Amino acid sequence: MQTKDILSFVKEGNFVDKICSEMFPFISKMKTKPSFKFHKEVTIRIETSELTRFGKPKPQRRRFDAVLLVKPYYSAFGDDLFSIGLEIKSSKSDLWNDNKLFDYIGYTNYFFLVVPDNLVEDALIKATTTKIGVINATNGKIVRMPVFQQVTIENSESILRQIAFVM
């Protein structure tokens, strides 16, 4: 399965309904389905201890393959919005050589590795923390659901700023 095929799977967002129904069981009685906005290649900047020539922290760039901003139900019932970060891996070498995977944690409420069927076991081994979930892109199933993470205002602002200026 190619990265392009996996991205088309992500755009369909079938897994979003499952996440929303787990978070908010009452939406099963509603007529409106959860909605989401898909954003491809969202860059974040992570500060390091290294300084620039101007004396400011030198940032390192990391790029989510996709970020989804999710509205789980009709806004008249509340404004529980959340975000999902996705890192797509289509080959075993790509999965095992990614040492920056843990830098993405804390920028979205949920963070998933999206892998084809043949990489699910490897992804479960690589994702050593409960903060990283795994989605099987071949059949659309959530193999491991990550824990919900509260996102700091700074991290949330970083994601939203990138989305706003890329559009």
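What you see as residue numbers is a count from 1 along each chain, following the sequence as written. Where totals are concerned, whole chains, interfaces and linings use all residues; where local detail is concerned, this predicted model gives features only for residues with pLDDT of at least 70, and gives and counts side-chain atom pairs only at 80 or more. As a convention, hydrogens and water are excluded, and side-chain values are obtained from all of the structure's heavy atoms.

Moving on: the overall build of the protein chain. To qualify as a helix, a DSSP run of H or I must reach at least 4 residues; to qualify as a strand, a run of E must reach at least 2; elements of each kind are numbered from the N terminus. A count of helical and extended segments in the protein chain gives 5 helices and 6 strands. The linear arrangement of helices and strands in the protein chain, starting from the amino end, is α-α-β-β-β-α-β-α-β-β-α. Per-residue accessibility, obtained with a 1.4 Å probe over protein chains only, is compared with the maximum for each type, and a residue is labelled buried under 20%, exposed over 50%, and partly exposed between these values. Here the protein chain, with 167 residues, has 42% of them falling under the buried criterion. The Shrake-Rupley method, run with a 1.4 Å probe, gives the accessible areas here. Residue values count only the displayed protein chains as cover. Accessible surface for the protein chain amounts to roughly 9,700 Å². Of this, 51% is attributable to carbon and sulfur atoms.

As a general point, the strands of a sheet are linked pairwise by backbone hydrogen bonds and lie either parallel or antiparallel. A pair of strands is labelled paired if DSSP reports no fewer than 2 bridges between them. What the 6 strands build is an open sheet, ordered E1-E2-E3-E4-E5-E6; its pairing is mixed. Of all the strands in the sheet, just strand E1 (35-51) and strand E6 (141-144) have a single pairing partner and so form its edges. On average, adjacent strands in this sheet sit at an angle of 35 degrees to one another, irrespective of strand direction. Two elements, strand E4 (residues 110-115) and strand E5 (residues 133-136), share 4 bridges in a ladder whose sense is parallel. By the bridge assignment for E5, Leu 113 is matched with Val 134. Lying on the sheet, helix H2 (residues 14-23) is in contact with E1, strand E2 (57-71), strand E3 (82-88), E4, E5 and E6; it crosses E3 at an angle near 140 degrees. In this description, a line fitted to the C-alpha atoms serves as the axis of each element, helices being fitted only across the stretch in contact, and the angle between N-to-C directions of two axes falls anywhere from 0 to 180 degrees. In this description, contact between two residues means that some pair of their heavy atoms is separated by no more than 4.5 Å.

Our focus in this paragraph is the pairing of E6. Where a strand is regular, its side chains alternate between the two sheet faces. Of the pairings in the sheet, the one linking E5 to E6 comprises 3 bridges and is antiparallel in character. Residue pairing in the sheet places Val 134 in a bridge with Arg 144 of E6. Linking E5 back to E6 in an antiparallel pair, the connection comprises 4 residues, with Gly 140 at a positive phi of about 80 degrees.

Attention now moves to the pattern of salt bridges. Should a side-chain nitrogen of Lys or Arg be within 4 Å of a carboxyl oxygen of Asp or Glu, the pair is scored as a salt bridge. Within the structure shown, the criterion is met by 8 salt bridges. For the salt bridge of Arg 62 with Asp 103, the shortest nitrogen-to-oxygen distance reads 2.7 Å. Highlighted residues: Arg 62 in strand E2 and Asp 103 in the loop between helix H3 (92-97) and E4, separated in sequence by 41 residues. When its relative accessible area of 13% is taken as the criterion, Arg 62 is described as buried. Accessibility expressed as a relative area gives 27% for Asp 103, which makes it partly exposed. Measuring nitrogen to oxygen at the nearest pair gives 3.7 Å for the salt bridge that ties Asp 122 to Lys 92.

To continue, consider helix H5 (residues 153-166). Helix span, expected: 1.5 Å multiplied by one less than the number of residues in the helix. Helix length check: H5, at 14 residues, gives a terminal C-alpha distance of 20 Å against a target of 20 Å (1.5 Å per residue), a fit within 8%. Within H5, the full set of buried residues consists of Asn 155, Ser 158, Ile 159, Gln 162 and Ile 163. Buried residues in H5, looked at end-on, bunch into an arc of 125 degrees, giving them a common side. Facing away from the buried side of H5, by more than 90 degrees, are the exposed residues Ile 153, Glu 154, Ala 164 and Phe 165. Looking at the buried side of H5, the elements it contacts are E1 and E2. Note that the arc is defined by the directions from the helix axis to the C-beta atoms.

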